[in-house]
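Here is what each chain is made of, one letter per residue.
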Amino acid sequence: MHRTQPNRRRLILVASAASAGVAALSAWPLAVRAQAAWPQRTVKLVVPFPPGGPVDAVARVLAARLSELWGQQVLVDNRPGAGGQVGADLAAKATDGHTLFACSIHHTVLPSLKGRLPYDIQKDFVPLSFGARFPVVLVTHPSVEAKTVAELIALAKKQPGKLSYASSGNGGGTHLAGELFAIQSGTQLVHVPYKGSAPAMSDVLGGQVPLMFSDAPTALPQWKAGKVRALGVANAKPSVLFPGVPAIAESGLPGYEAYSWTGYVAPASMPRDAASRAAADIQRVLAEPAIAQRLHDAGAEAAPNSPEAFGRFIADELAKWTRVVKTANIQAD
């Protein structure tokens, strides 16, 4: 008896520990499975612009990597139209829990430019993460006398209403960069809108228009070839894409900052757990050195952040561009 009692007690303790361990191990896979349950099928990433543009290019890099990470295809769904409204409206109304949306600077400009929209970029979506910046660079034809931002401002003030600048289109990021520059510098510049960056740059190269606020992918090869002069980038700080080119804010116009961008949101109807996982994984992918390098090579700067930070950024952009649109009296096409 004295020998068997401890053995029985020991067996009971072992059995209890084993039961507790089984319970813990059973709970752990269930938690993991609950977290990993999304996505359960193909995820649609709505891009509100045609294939080939900067927002589309970043979305495709992201979609390919997320497909690997999730084990489900992430399909880029291009829905262009009305300056980004068509795709935004479609995504806002999605209720399948597997739709994401690639928003851009356009969606913080449209409310003040167009007025009432069929969706609300803040109320109908939840922010996931900032995606990437597309630096805007102020370039000139080599014949322009000014060699710096400060010299250009002085030249523009001597010739009010004489200097013109090209942009990729009315109400777009490069147009707004030009209007913000004019407002903050106290100059009068003439806006010449084009249907895209390529034809705008073509006329700058030909000397028909002396200045251009250009997206980085369009300006970069022309600058490297010496066909245009880059006076400054519109980031708050110099861009690694344009080594040796100062920020406009540091070379003649303190406080100036304007760039195009893309980021990611989900319909407000998406379950919270799914949105949280999408946000975390988008941030993770954009922070990967290989992905950041691919975007850099395409003229974009990866800059993932938290949903809260991206939500604040959207609010700030809405306020900023509302002031510019009203001050410059920009009219919708």
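As a starting point, this report considers the structure included with it. This structure is a prediction, so every number in the text was calculated from the model and none was measured.

**Observations concerning the overall build of the chain**
Line of reasoning, step 1. Counting secondary structure elements, the chain contains 11 helices and 10 strands.
Line of reasoning, step 2. In the chain, which comprises 333 residues, the share counted as buried stands at 48%.
Line of reasoning, step 3. Counting contacts in the chain only where the partners sit at least 6 residues apart, residues at least 24 apart contribute 77% of the total.
Line of reasoning, step 4. Carbon and sulfur atoms provide 56% of the accessible area of the chain, an area that totals close to 15600 Å².

**Some remarks on the packing of aromatic side chains**
Line of reasoning, step 1. Per the stated rule, a full pass over the model turns up 12 aromatic pairs.
Line of reasoning, step 2. Geometrically, the ring pair formed by Trp261 and Phe310 is edge-to-face, given 6.0 Å between the ring centres and 90° between the ring planes. Linking Trp261 in strand 9 (residues 259-267) with Phe310 in helix 11 (residues 307-328), this pair joins segments that are 49 residues apart in sequence.
Line of reasoning, step 3. Through a chain of ring-to-ring contacts, three or more aromatic side chains come together here, namely Phe130, Trp261, Phe310 and Phe313.

**Observations concerning the pattern of salt bridges**
Line of reasoning, step 1. For the coordinates displayed, the defined rule picks out 8 salt bridges.
Line of reasoning, step 2. Two residues, Asp56 and Arg60, come together in a salt bridge whose shortest N-O distance is 2.9 Å. One end of the pair is Asp56 and the other is Arg60, both in helix 2 (residues 54-70) and 4 residues apart, which spans about a single turn.
Line of reasoning, step 3. According to the relative accessible area criterion, Arg60 is partly exposed, its value standing at 38%.

**Focus on helix 3 (residues 85-92)**
Line of reasoning, step 1. Along helix 3, the residues classified as buried are Gln85, Gly87, Ala88, Ala91 and Ala92. All buried residues of helix 3 project into a common sector of 165° when viewed along the axis, lining one side.
Line of reasoning, step 2. At its buried positions, helix 3 is contacted by strand 1 (43-47), strand 3 (99-104), helix 4 (106-114), strand 4 (125-140) and strand 9.

**Description of the environment of Pro51**
Line of reasoning, step 1. Looking at where Pro51 falls in the secondary structure, it is placed in the loop between strand 1 and helix 2.
Line of reasoning, step 2. For the pair Pro51 and Asn78, spaced 27 residues apart in sequence, the C-alpha separation works out to 6.7 Å.
Line of reasoning, step 3. When neighbours within four sequence positions are excluded, Pro51 is seen to be in contact with Asp56, Arg60 and Asn78.

**Overview of the pairing of strand 4**
Line of reasoning, step 1. Counting buried positions along strand 4 yields 13 of 16 residues, so the element is predominantly enclosed.
Line of reasoning, step 2. With 9 bridges connecting them, strand 4 and strand 9 associate as antiparallel partners. The partner of Pro135 across the bridge, within strand 9, is Tyr259.
Line of reasoning, step 3. Strand direction decides the pairing type here: strand 4 and strand 10 (residues 301-302), joined by 2 bridges, are antiparallel. From the neighbouring strand, Arg133 faces strand 10, where its bridge partner is Glu301.
Line of reasoning, step 4. Bridge count for strand 4 against strand 8 (residues 229-233) is 4 bridges, and the pairing is antiparallel. Each bridged residue has a counterpart across the sheet, and for Val139 the counterpart in strand 8 is Ala230.

Analysis parameters
- Residues numbered from 1 in each chain as written.
- Predicted model: local features only at pLDDT ≥ 70, side-chain atom pairs only at ≥ 80, totals over all residues.
- Heavy atoms only, no water.
- Helix = DSSP H or I, 4+ residues; strand = E, 2+ residues; numbered from the N terminus.
- Buried < 20%, exposed > 50% of the residue type's maximum accessible area, 1.4 Å probe, protein only.
- Contact = heavy atoms within 4.5 Å.
- Areas by Shrake-Rupley, 256 points an atom, 1.4 Å probe, with all protein chains shown as cover.
- Phe/Tyr/Trp six-rings, centres within 6.5 Å; stacked < 30°, edge-to-face > 60°.
- Salt bridge = Lys/Arg side-chain N within 4 Å of Asp/Glu carboxyl O.
- Arc of directions from axis to C-beta.
- Pairing = 2+ DSSP bridges.

It is worth stressing that arrangement in space is one thing and function is another; only the former is reported here.
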